[in-house]
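# Chains, contacts and geometry: an overview
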Amino acid sequence: MSTHAVEQSSAGAATGAATEGATPSETPARTGLLIIGASQSGVQLAVSLRALGFEEHITLLGDEDHRPYQRPALSKEFLQGTVESESLIFRSNEYWAEHNVDLVKGEYIVRIDKEADGSGVAHSSSGKQFPFKRLALTVGARARKLEIEGGDLDGVLYLRNADDALALKARVGDAQDVVVIGGGFIGLEAASSLQKMGKNVTVLEFGPRLVGRAVGEETAEYFLQAHRSRGLDIRLSTSAKRFTADGAAGDGRRAVAGVELQDGTVLPAQIVLIGIGVIPNTQLAEQLGLAVDNGIVVDRFALASDGTTVAIGDCANMPNPVPGSAPGERIRLESVNNAIEHAKVAAYSLTGRREEYAGIPWFWSNQADLKLQIAGLCNGYDQTVLRRDPERGKFSVLYYRQGQVIAADCVNAPLDFMAVKNALAKGQNVPAAAAADPATPLKTITTDS
Amino acid sequence: MPTVHFTDAEGAVRDVQGNAGDSVMETAVRNGVPGIVAECGGSLSCATCHVFVREDCLSQLPPMEDMEDEMLYGTAVDREDNSRLSCQLRLSDDIELFVTTPETQV
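Owing to the predicted nature of the structure, the values given are computational and were not obtained by experimental measurement.

### A look at the overall build of chain A
Looking only at helices and strands, chain A features eleven helices and 26 strands. Expected size for 449 residues packed as a compact globule is a radius of gyration near 22 Å; at 23 Å, chain A falls within 12% of this value. Restricting to contacts in chain A with at least 6 residues of sequence separation, those with at least 24 account for 60%. Surface exposure of chain A reaches about 19,000 Å², of which carbon and sulfur atoms provide 49%. Counting 44 positive and 54 negative side-chain charges, chain A places the averaged centre of each group 2 Å from the other.

Quick look at the structure:
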C-alpha cells in the first residue's frame, strides 16, 4: 500500500490565523484539551495525541510571542549564529492547522477555575478566557535569580528563552568582557560559545566543582581541565558580591561594568550572564490546589493530585522512571528527553491508556568541541570506572551500584554512550572489570546481567 | 526547490519540498514526517533521525564525519551501508533525495 501527498514546507510563514481576531471580551469555544506551555513537552503532547488518534480540539498556549521552538540551541548554535531562528521552529503553521491545533501566542495564564470533572476556564493576564474540557500543565521552569546589589543593571542577563537569547546576542557585539555566573550546563555552554565569538570570558562557580550534581567528580574535573586548557578562566568556590556600574544605558538604566567578588577583586564585564539553575513553575498548580513539592506532583501516568490534570516535563515531580529504582522514589528531570517521553505517557493517559514511563533518561551538552552525553542517573553509585583515550580526546565514566552499571558520562565517545544506554534499556550489564580498557568496545562485553 | 521523498517502513510515501540550506531532518520535523524523531534537534547527539538513503542519491551527499559514523552504531534499527543521520544532510537548490525511514527510531 502506498499513499502519496505533496506538501510545501512553510518556513517563514506568518502566525496561524486561528489565534488572531479574539478580543478581551470574546470567549473562544471550549477546547477539548488546553495545553498551557508551548515548549518541548507541550508540543510533544499535542503531536503524540494526534498520533494516537485523539480527536478533540487542542489549544496549545504559550506566553511567548514566538511560534514553539527548540531551546537547546539557544546557548550554542543560535548564540553563535550558525543556525537561524527559523530552524528552531518545531512545526510549520500548516501542520498545526491540519491537525486541528490552535496555537495561541503571548497569553499568560494567571488563574484557572476548574470543576471536579476536569473541565474549567483559564484566564489570561490580558483578560481572555480559555474554556477547556481537560487541562495539561507544561509550564516548565524559570531561571533562578541572583539577588545581589546591581542585579537589575542593564546587561545583567539570563538565558532561558528565545527573547533572552536575542537580548544576549544584541549586546555581544559591543562587549569585550563577559562574566558568566554558574558553572552548570547553561553557563558552560554559553561561556564556550562566547569565548568562540572572541570574548574574554570568566566563569564563576560558587561550588567546589563544575556542573553540580549532574555529573560525577571525575567528569567535573575533566571539564575543568579541558576548559582551562582551551583558555576559559574558571574560578571555583567563588561568588559575586555585587555588580558595579558606570555610565548610563540608552534608556536611562545604568549599565553593568564589573563584578566585584567576595575578596574585593573587580572583574570588568559589559555582560553578566547568570545561569544558576531553575525553579519549576508551580504557581498555577498551587492556585488549583494541586499537590506541589519541588514541582507538580504527578503519578506514573502523569496525572496530578486531582486525578484529571496532567503535568509533564520540567515542571513535574514524578515517580523515578528508571527501571529498578527504589519504590516511592520521586524525581524532577530537566531535559529534552524527559519532556518528550513524559509527554508520551500523558498522551496515553489522556486517551484512556495506562502506560508507565520506564525509559532511560539521557542528557547532552555541547561545549566547545566537547560533546557530553549522559545515559542514566548516577545517584547512589558505589563504584566508577574510567575509560580514557587522551589521544583521541575521548573520556567516559561508568557508574556502578553493587556491580550493576547504572549510568555513564561520555565525552566525545558516542559508542560508549550508546552501549551503556542500550544496556540499561535492556536490563543488561557492562562488567566493571572489563570496561576500563578504552580499546575494548563496551558493546562486546555487555552481558545479560 | 529541493524535494525529499520520505518512504516509511510500510511503503507510504510523502514528498516534502524543503528550503536550500535546511537539513533533511529539519524539513521532516517541520512537516511532521512521523518516521523522524530528532530528539536532540540536530546536534548529533541522539541518533533518532536515522534514514536509509537510496543508493543512487548517496553521491549527492556530503561525506560522513567520524561522529556521525559512531552515532550511527546507536540507531534503534541497525545501520546499513546506506544509513545516514538526516540532521547531517543539507539540502541544496536542485537536490532531489529519496530516503526511507526505519520502523522505529527509539
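### Considerations on the packing of aromatic side chains
All names here are of chain A. All chains considered together, the criterion is met by six aromatic pairs over all chains. Ring centres of tyrosine 222 and phenylalanine 223 lie 6.2 Å apart, and the angle between their planes is 75°; on these two criteria the pair is classed as edge-to-face. Of the two residues, tyrosine 222 and phenylalanine 223, neither departs from the other in class, the shared state being buried. Grouping aromatic residues by their ring pairs yields a cluster made of Tyr222, Phe223 and Phe395. In this structure, lysine 169 is placed above the aromatic ring of phenylalanine 78, and the distance from its NZ or CZ to the ring centre is 4.2 Å. We note arginine 354 situated over the ring of phenylalanine 301; from NZ or CZ to the ring centre the distance is 5.1 Å.

### Quick look at the pairing of strand β3 (residues 58-61) of chain A
Residue and element names in this part refer to chain A. Side chains Ile58 and Leu60 project from β3 onto one buried face, and the interleaved Thr59 and Leu61 project onto a second face that is buried too. Judged from the four bridges that link them, strand β2 (residues 31-36) and β3 form a sheet pairing that is parallel. Within β3, the residue paired with isoleucine 36 across the bridge is leucine 61. Once the chain exits β2 it traverses helix α1 (residues 40-51) before rejoining the sheet at β3, and the crossover so formed is right-handed. The sheet contact formed by β3 and strand β4 (residues 101-104) spans four bridges and is parallel. Counterpart to leucine 60 in the pairing with β4 is leucine 103.

### Section: the sheet that holds strand β20 (residues 316-319) of chain A
All names here are of chain A. Strand order across the open sheet formed by three strands is β18-β20-β21, with mixed pairing between neighbours. Unpaired on one side and paired on the other, β18 (296-297) and β21 (330-331) mark the two borders of the sheet. Bridging between β18 and β20 involves two bridges; their strand directions are parallel. Bridge pairing in β20 links isoleucine 296 to alanine 316.

### Focus on the interface of chain A and chain B
Chain A puts 38 residues into the contact, and the matching count from chain B is 31 residues. Buried area between chain A and chain B, both sides added, is near 2,900 Å², and the carbon and sulfur share of it is 46%. At the boundary of chain A and chain B, one finds two salt bridges. Taking the shortest distance from any N to any O, the salt bridge between A:Arg392 and B:Glu70 comes out at 3.8 Å. Those elements that place two or more of their residues in the side of chain A that touches chain B are β1 (4-8), α8 (336-350), β22 (362-367), β23 (370-376) and α9 (414-425) of chain A. Looking at the side of chain A that touches chain B residue by residue, the classes come out as 16 nonpolar, twelve polar and ten charged.

What counts, and at which threshold
Per chain, the residues get numbers from 1 upward, laid out in the order the sequence is written. For this description, chains carry letters from A and ligands carry numbers from 1, given in the order in which they are written. A pLDDT threshold of at least 70 governs which residues receive local features in this predicted model, and a stricter bar of 80 or more applies before side-chain atom pairs are shown or counted, although totals over entire chains, interfaces and linings include all residues. Derived side-chain values reflect all non-hydrogen atoms in the structure, with water molecules and hydrogen atoms excluded from consideration. Only DSSP runs of H or I reaching four residues or more are called helices, and only runs of E reaching two or more are called strands; each is numbered from the N terminus. Throughout, the radius of gyration refers to the C-alpha atoms, and the reference size of a globule is 2.2 Å times the residue count to the power 0.38. Contact definition: two residues touch when any of their heavy atoms are within 4.5 Å. Surface exposure here means Shrake-Rupley accessible area, sampled with a 1.4 Å probe, where a residue is shielded only by the protein chains that are shown. By the counting scheme adopted, Arg and Lys are positive, Glu and Asp are negative, and His together with the chain ends is not counted. Just so you know, the charge point we use is NZ for Lys, CZ for Arg, CG for Asp and CD for Glu. Ring geometry is summarised as follows: Phe, Tyr and Trp rings, the Trp one being its six-membered ring, pair when their centres sit within 6.5 Å, and such pairs are stacked at plane angles under 30 degrees, edge-to-face over 60 and tilted between the two. Under the scheme applied here, a residue whose accessible area is under 20% of the maximum for its type counts as buried, over 50% as exposed, and between as partly exposed, the area being computed with a 1.4 Å probe on protein chains only. For a Lys NZ or an Arg CZ to count as sitting over a ring, it must be within 6 Å of the ring centre and within 35 degrees of the ring normal. Pairing between strands is defined by DSSP: at least two bridges between the two strands are required. Place the viewer so that the strands point away; then a crossover is right-handed whenever the path from the first strand over the helix to the second strand goes clockwise. By buried area we mean the combined loss of accessible area, with a 1.4 Å probe, across both parts when two parts are placed together. Here a salt bridge means any side-chain nitrogen of Lys or Arg lying within 4 Å of a carboxyl oxygen belonging to Asp or Glu. Ten residues, namely Ala, Val, Leu, Ile, Met, Phe, Trp, Tyr, Cys and Pro, are considered nonpolar, four, namely Asp, Glu, Lys and Arg, are considered charged, and the remaining ones, Gly among them, are considered polar.

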